[in-house]
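Residues per chain, in single letters:
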Amino acid sequence: MASFPDAVSLLCDFLRFASVSTDPSRAGDVSACAQWLAEHLTEIGLASEVHPTPGHPVVVARNPHKAGRPTVLIYGHYDVQPEDPVELWQSAPFEPEIRNGVLFARGSADNKGQIFAHIQGIAHVLKTKRELPVNLILLVEGEEEIGSPHLEAFLMEHREALRCDIIAVSDTSMVAAGVPTLTYGLRGIAAMEIRVKGPSMDLHSGIYGGAVRNPAVVLAHLLASLHAPDGCVAVKGFYEAVQPLQNWEREAWAAVPFGEKQIEANTGVPAMGGEVEFTALERIWGRPTAEVNGIGGGFQGEGTKTIIPKEVFAKLTFRLVPDQAPEVILAAVERHLREVCPAGVTLEILPGHSGEPYVTDPHSAYGKAAQQALHRVFPGVQIALTREGGSIPIVNTFQRVLGVETLLLGLALPDCRAHAPNENFPVANFGAGILLNQALLEELSKVQES
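### Points about the packing of helix α1 (residues 5-15) against helix α13 (residues 427-447)
Okay, so step 1: At a closest axis distance of 11 Å, the pairing of α1 and α13 adopts a crossing angle of 110 degrees. Relative to α13, the element α1 lies roughly perpendicular. Where α1 abuts α13, its residues Ala7, Val8 and Leu11 lie against Val427, Phe430 and Ile434.

Here it is in structure tokens:
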């Protein structure tokens, strides 16, 4: 794989910005990162602009557009997750360090390393050939990690300027090291918080226990009621709109060199769980889920405090697949929980953020062009056609607002520790991404001509 030492050094500069979008005290770091990125894009030969939003800025860059060429929009984000817990990092999260060919830093995989690989691929072509083979729009936002709250309005306002034929995003993963991966689907998401309230104050569990309903016990029953013993979600109507997996998908996924053993090794769990009639990859990529993300309430200190807590809560998310609608699922779950909830407590349900599931045809002309680009960078290796278990809601927004499909070309590895301490990105994958950008733009330039 080609080496790009200057590009790696620039990536390290990019990673040193603590561009944590969720932390108001870091707004200056986020803005400084956007400005640095825009200046770099100008230096490599693109016309770049920093667009303010009610939140963090959006950076847009483009080359001179010419008639008769397809327009490709490449999307990424420069904001990152908080680095906490800092004490679990082996090196400072915003001081990039390379160990055994792997770059460790917050944002290295999600998403600075991946979007910067595209940028350096563009830079190399402009330096050597002075012209790109396509009309390019580069859009890099600073709010992806908080749900892109202002990007849809930005797209609506600049719809004509952002008109394109296809979108490319590298914000997903390869299924395994050295295995080129084209992701053609994403699960959607629907979030809620539930609160169970009982007495007006914490009560002595000896004086009142057995007579007053315990909110913590009720919450445990509510959460347990979401699943049947076979791993299926037990909410009435939950699977009504789910599209069955196609035979070619199940065959393709069965051939992927990544499965239960690798998942167990990466996660540290002793065994897999979930719907027994599906494989682990089928459950992650093509089946919906109900997950408990957090539980709180009652006494949390050391030792024992004998109380009946007055209030407890749980945070839930539901990963969705085509053709599930977030609002329909949230309504079904609310009906289920209210039916199961006993008298003696008050149940409060607060809906959270949501995003639609996404799927496109990997065998379309643009999908085939992306696969050809992957073949060029990873010759002789079978391409993995996958869906992604996670959610990138902006992909659906692109489809709805711009009317354009998205190619998802992941460069991170399954053990990249995105959102966790010791986030990492192999330097070889960064180099592969630079080459992939060049091959991708060349292959996409041919689609309109064919």
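### Examining the layout of surface pockets
Over the atoms, a rolling probe the size of a water molecule traces out where space has been left empty.
Okay, so step 1: The space that makes up the second largest pocket amounts to roughly 320 Å³.
Okay, so step 2: Surrounding the second largest pocket, 13 residues form its lining, Asp6, Gln120, Ala123, His124 and Lys127 being those nearest its centre.
Okay, so step 3: Among the elements that line the lining of the second largest pocket, the one with the most residues is helix α3 (residues 112-129), at five residues.
Okay, so step 4: When the residues that make up the lining of the second largest pocket are grouped by side-chain class, the tally is eight nonpolar, two polar and three charged.

### Focus on the packing of helix α2 (residues 27-43) against α3
Okay, so step 1: Taken N-terminus to C-terminus, the directions of α2 and α3 make an angle of 20 degrees; their axes are 12 Å apart at the nearest point. Comparing the axis directions of α2 and α3 gives the class roughly parallel. Read as a crossing pair, α2 and α3 show a hand that is right-handed. For the pair formed by α2 and α3, the contact residues are Cys33, Trp36, Leu37, His40 and Leu41 on the first element and Lys112, Phe116, Ile119 and Gln120 on the second.
Okay, so step 2: For the contact of α2 with α3, the per-class residue count stands at six nonpolar, two polar and one charged.

### With respect to the nonpolar core
Soluble globular proteins tend to pack their nonpolar side chains together in the buried interior.
Okay, so step 1: Counting 81 residues, the largest nonpolar core has Phe14, Leu41, Ile74, Ile122, Leu138 and Phe430 as the members making the most contacts within it.
Okay, so step 2: Of the residues forming this core, the biggest block, nine residues, is contributed by α13.
Okay, so step 3: Sequence-distant contacts of Phe430, that is, excluding residues within four places in its chain, are made with Ala7, Val8, Leu11, Gly113, Phe116, Ala117, Gln120 and Phe425.
Okay, so step 4: With 27 residues, the next largest nonpolar core counts Met192, Leu219, Val233 and Cys341 among its residues.

### Details of unusual backbone geometry
Okay, so step 1: For the peptide bond that leads from Asp84 to Pro85, omega is -5 degrees, which places it in the cis range.
Okay, so step 2: The linkage connecting Asp110 with the following residue, Asn111, adopts the cis geometry, with an omega of 5 degrees.
Okay, so step 3: One non-glycine residue, Arg130, adopts positive backbone phi at about 65 degrees.
Okay, so step 4: As for its placement among the helices and strands, Arg130 is situated in the loop between α3 and β6 (135-141).
Okay, so step 5: Phi is positive for Ser148, close to 50 degrees, though the residue is something other than glycine.
Okay, so step 6: Looking at where Ser148 falls in the secondary structure, it is placed in the loop between β6 and α4 (151-157).
Okay, so step 7: Take Ser148: its relative accessible area is 12%, and that puts it in the buried class.

### Focus on the side chain of Thr172
Okay, so step 1: Relative to the helices and strands, Thr172 is located in the loop between β7 (166-169) and β8 (181-186).
Okay, so step 2: Side-chain polar atoms of Thr172 contact the backbone nitrogen of Gly410, separated by 3.3 Å.
Okay, so step 3: Each residue touching Thr172, except ones within four places of it in the same chain, is listed here: Gln114, Thr183, Leu186, Glu388, Ile392, Leu408, Leu409, Gly410, Leu411 and Ala412.

### Here's the deal with the sheet that holds strand β5 (residues 102-104)
Okay, so step 1: Read across the sheet, three strands follow the order β4-β5-β18 without closing on themselves; strand pairing throughout is antiparallel. Edge strands, defined here as strands with exactly one partner in the open sheet, are β4 (97-99) and β18 (424-426). Averaged over neighbouring strand pairs, the angle between their axes works out to 30 degrees when direction is ignored.
Okay, so step 2: Docked against the sheet, α13 engages β4, β5 and β18, running at close to 65 degrees with respect to β18.

### Focus on the sheet that holds strand β9 (residues 188-197)
Okay, so step 1: Read across the sheet, four strands follow the order β11-β13-β9-β14 without closing on themselves; strand pairing throughout is antiparallel. The open sheet is flanked by β11 (289-297) and β14 (346-355), the only strands paired with a single partner. Taking the axes of each pair of neighbouring strands and ignoring which way they run, one obtains an average angle of 15 degrees across the sheet.
Okay, so step 2: Strand direction decides the pairing type here: β9 and β14, joined by eight bridges, are antiparallel.

About the cut-offs
- Residues numbered from 1 in each chain as written.
- Predicted model: local features only at pLDDT ≥ 70, side-chain atom pairs only at ≥ 80, totals over all residues.
- Heavy atoms only, no water.
- Axes fitted to C-alpha atoms, helices over the stretch in contact; angles between N-to-C directions.
- Helix = DSSP H or I, 4+ residues; strand = E, 2+ residues; numbered from the N terminus.
- Parallel < 35°, antiparallel > 145°, perpendicular 65-115°, else oblique.
- Contact = heavy atoms within 4.5 Å.
- 1 Å grid on protein atoms, 1.4 Å probe; cavity = no way out; pocket = protein on both sides within 12 Å on 5 of 7 lines; lining within 4 Å.
- Points joined across faces, edges and corners; volume = space filled by probe spheres on them.
- Nonpolar A, V, L, I, M, F, W, Y, C, P; charged D, E, K, R; others polar.
- Left-handed = near helix turned anticlockwise from the far one by under 90°.
- Core = buried A, V, L, I, M, F, W, Y, C linked by side-chain atoms within 4.5 Å.
- Buried < 20%, exposed > 50% of the residue type's maximum accessible area, 1.4 Å probe, protein only.
- Polar contact = N/O pair within 3.5 Å; in protein donor to acceptor, adjacent residues only side chain to side chain.
- Pairing = 2+ DSSP bridges.

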